[in-house]
Amino acid sequence: MLRPGFPSWSANWRKNTMPSNLQAHKKTFGLALSGSGNRSSFYIGFLEVLEEQGLRPDYISVCSGGSMVAAAYACGHLPELRDRVLNLDTEDIKSMMMRGDGGGYYSLDLVEEEIRKYTDGLRFEDVRPLMSFSCVDIETGEKILLQMGDIARAARISCTLPGIFEPVVWGGRTLVDGGLLTLIPTESLKTAGVDVIVGVTLRGTKHIFSTNQLTVKKIYNLMKKLFFVEEINEVFDWLISLVPDANEETKRPRMFSVLGKSLDLALSAQKLDLSEPPCDMLIQPKLGKYKRSEFSSKTIRRFYELGRLTAMENSDKIKEMLNSHE
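Since this is a predicted model, take the numbers as computed values, not measurements.

(A) Expanded view of the overall build of the chain. Counting its regular elements, the chain contains 12 helices and 12 strands. Residues classed as buried in the chain amount to 51% of the 326 residues present. Contacts spanning at least 24 positions in sequence make up 78% of the contacts within the chain whose residues lie at least 6 apart. Just so you have it, the chain exposes about 16300 Å², and 55% of that area is on carbon and sulfur atoms.

(B) Looking closely at the pattern of salt bridges. Under the defined criterion, the tally for this structure stands at 15 salt bridges. Here Arg308 ties to Glu48 by a salt bridge, and the two come within 2.9 Å at their closest N and O atoms. Of this pair, Arg308 sits in helix α12 (residues 297-323) while Glu48 sits in helix α2 (residues 41-52); the two residues are 260 residues apart in sequence, bridging distant segments of the chain. For the residue pair Arg308 and Glu48, the accessibility class agrees, reading buried in each case. For the salt bridge of Arg153 with Glu112, the shortest nitrogen-to-oxygen distance reads 2.9 Å.

(C) Here's a closer look at helix α6 (residues 109-116). Regarding α6, the residues found buried are Val111, Glu112, Glu114 and Ile115. Along the long axis of α6, the arc covered by the buried residues comes to 155°, so they all point the same way. Where α6 is buried, its residues meet α3 (66-74), α4 (78-85) and α7 (151-158).

(D) Region of the structure containing the pairing of strand β11 (residues 196-200). Burial runs high along β11: five of the five residues are buried. What you see with β11 is no split at all: Val196, Val198 and Val200 on one side and Ile197 and Gly199 on the other are buried throughout. Taken together, the five bridges between strand β2 (residues 29-33) and β11 define a ladder with parallel strand orientation. Bridge pairing links Phe29 to Val196 in β11.

(E) How the structure looks around the confidence of the model for the chain. Per-residue confidence for the chain gives a mean pLDDT of 76; residues scoring 70 or more make up 65%. In the predicted structure, residues 1-25 sits below a pLDDT of 50 and forms 46 contacts with residues beyond four places in sequence or in another chain. Counting contacts from residues 235-250, a segment whose pLDDT is below 50, to residues more than four positions away or on other chains yields eight contacts.

(F) Geometry of the nonpolar core. Among the nonpolar cores identified, the biggest contains 61 residues, and Leu31, Ile60, Met131 and Phe133 are the most heavily contacted of them. Residues in contact with Leu31, not counting those within four places in the same chain, are Phe46, Leu47, Leu50, Pro57, Tyr59, Ile60, Ser61, Leu189 and Val198. Leu130, Leu189, Val194 and Ile197 belong to the second-largest nonpolar core, a separate cluster that totals eight residues.

(G) Seen up close, the pairing of β2. Burial analysis of β2 places five of its five residues in the buried class, which makes it a mostly covered element. In β2, alternate side chains face the same way, and those of Phe29, Leu31 and Leu33 on one face and Gly30 and Ala32 on the other are all buried. Pairing of β2 with strand β3 (residues 59-63) involves four bridges; the strand directions are parallel. Bridging across to β3, Ala32 finds its partner in Ser61. You can see the chain leave β2, run along α2 and come back into β3, and the turn it takes is right-handed.

(H) Inspection of α2 at higher detail. Here α2 is 12 residues long and its end C-alpha atoms lie 17 Å apart, about the 16 Å a rise of 1.5 Å per residue gives. What α2 keeps buried is the set Ser41, Phe42, Tyr43, Ile44, Gly45, Phe46, Leu47, Glu48, Val49 and Leu50. Gly54 sits one or two residues past α2 and shows a positive phi near 75°.

(I) Summary view of the packing of α2 against α4. It is the contact of α2 with α4, at a shortest axis distance of 10 Å, that shows an interaxial angle of 140°. With respect to their mutual orientation, α2 and α4 come out oblique. Like other packed secondary-structure pairs, α2 and α4 cross with a definite hand, here left-handed. On α4, the residues that touch Ser41, Ile44, Leu47 and Glu48 of α2 are Leu78, Leu81, Arg82 and Val85. Classifying every residue of the contact of α2 with α4 gives five nonpolar, one polar and two charged.

(J) Quick look at the packing of α2 against α12. Close contact between α2 and α12 brings their axes to 6 Å; oriented N to C, the two are set at 35°. For α2 against α12, the interelement crossing comes out right-handed. Facing α2, whose interface residues are Ser41, Phe42, Ile44, Gly45, Phe46, Glu48, Val49, Leu50 and Glu52, α12 presents Ile300, Phe303, Tyr304, Leu306, Gly307, Arg308, Thr310, Ala311, Met312 and Ile318.

(K) Representation of the side chain of Lys27 in the model. Residue placement: Lys27 occurs in the loop between α1 (13-17) and β2. Lacking a salt bridge, the buried Lys27 has Asp195 as its closest oppositely charged neighbour, with an N-O distance of 7.1 Å. Engagement of the side chain of Lys27 in a polar contact is seen with the backbone oxygen of Met321, the distance being 3.5 Å.

Thresholds, definitions, all that
Residues numbered from 1 in each chain as written. Predicted model: local features only at pLDDT ≥ 70, side-chain atom pairs only at ≥ 80, totals over all residues. Heavy atoms only, no water. Helix = DSSP H or I, 4+ residues; strand = E, 2+ residues; numbered from the N terminus. Buried < 20%, exposed > 50% of the residue type's maximum accessible area, 1.4 Å probe, protein only. Contact = heavy atoms within 4.5 Å. Areas by Shrake-Rupley, 256 points an atom, 1.4 Å probe, with all protein chains shown as cover. Salt bridge = Lys/Arg side-chain N within 4 Å of Asp/Glu carboxyl O. Arc of directions from axis to C-beta. Pairing = 2+ DSSP bridges. pLDDT = per-residue confidence, 0-100. Core = buried A, V, L, I, M, F, W, Y, C linked by side-chain atoms within 4.5 Å. Right-handed = clockwise from strand over helix to strand, strands pointing away. Expected span 1.5 Å × (residues − 1). Axes fitted to C-alpha atoms, helices over the stretch in contact; angles between N-to-C directions. Parallel < 35°, antiparallel > 145°, perpendicular 65-115°, else oblique. Left-handed = near helix turned anticlockwise from the far one by under 90°. Nonpolar A, V, L, I, M, F, W, Y, C, P; charged D, E, K, R; others polar. Lys, Arg positive; Asp, Glu negative; His and termini not counted. Polar contact = N/O pair within 3.5 Å; in protein donor to acceptor, adjacent residues only side chain to side chain.

Written out as structure tokens, the structure is:
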């Protein structure tokens, strides 16, 4: 079940909230951006060209790494983020990866500090285009949309790959990357009544986990059923509970608990086909071969250039859709 961050806008939301320079076209235009990981620089180039072509979206819905780009864009700091990202290398990335205290191998505290350099402490309510960042409550399995409050904190949450990064306890919920249950986050755009929805997917699979990872989890779950090991798990959990938890105050779950729950949610999503509603236009660029863990300056620049090229190839089609009277 989708839990929005605040009530959906009325049919008059664009008239009431859109500055005049964003109402140049009759139809409203929304972008739904998939997770991207080390390919996030694609969205920098993509949004740059759309802006150059006069195609400023009225609403951006995003999950995972693209949330940082959307945040900087909405806050007016995309050029500064571009200059920073295009000069990153593997060592820069490593320097921001702090060891986590619980629930994940790494903490994104330093990454959140970096994001704040491009958001000026702004809240969702302060910026245009409107935005929503997708995440998941790991305890309940619910989709959550972050649409109000601190943009930097929300972007950090949306990037929290379960098991790798510590979940964020916020608003009484334990939150991780929305890409766990969402391929292309179009649902909030549909709810808001956006006229033209353009989806962009950079995902090689339908879920954050690989097919091999999901297969291993399936086998593990089957073995538990066949050999009645639930009792053993309960004993194991009891023994673990005897060990003092440094994160008792934050109520953060343990790393393997987060990872196990995440894999189970991904498996459930496969069975239930929790795909988002269709887009009016889906852009799926050819990414070529790449390593998901590679953050070299060459790779970052390659995806940035691909983003610019993809936007140039599709800008006329988007304009045509916006100008259509159908």
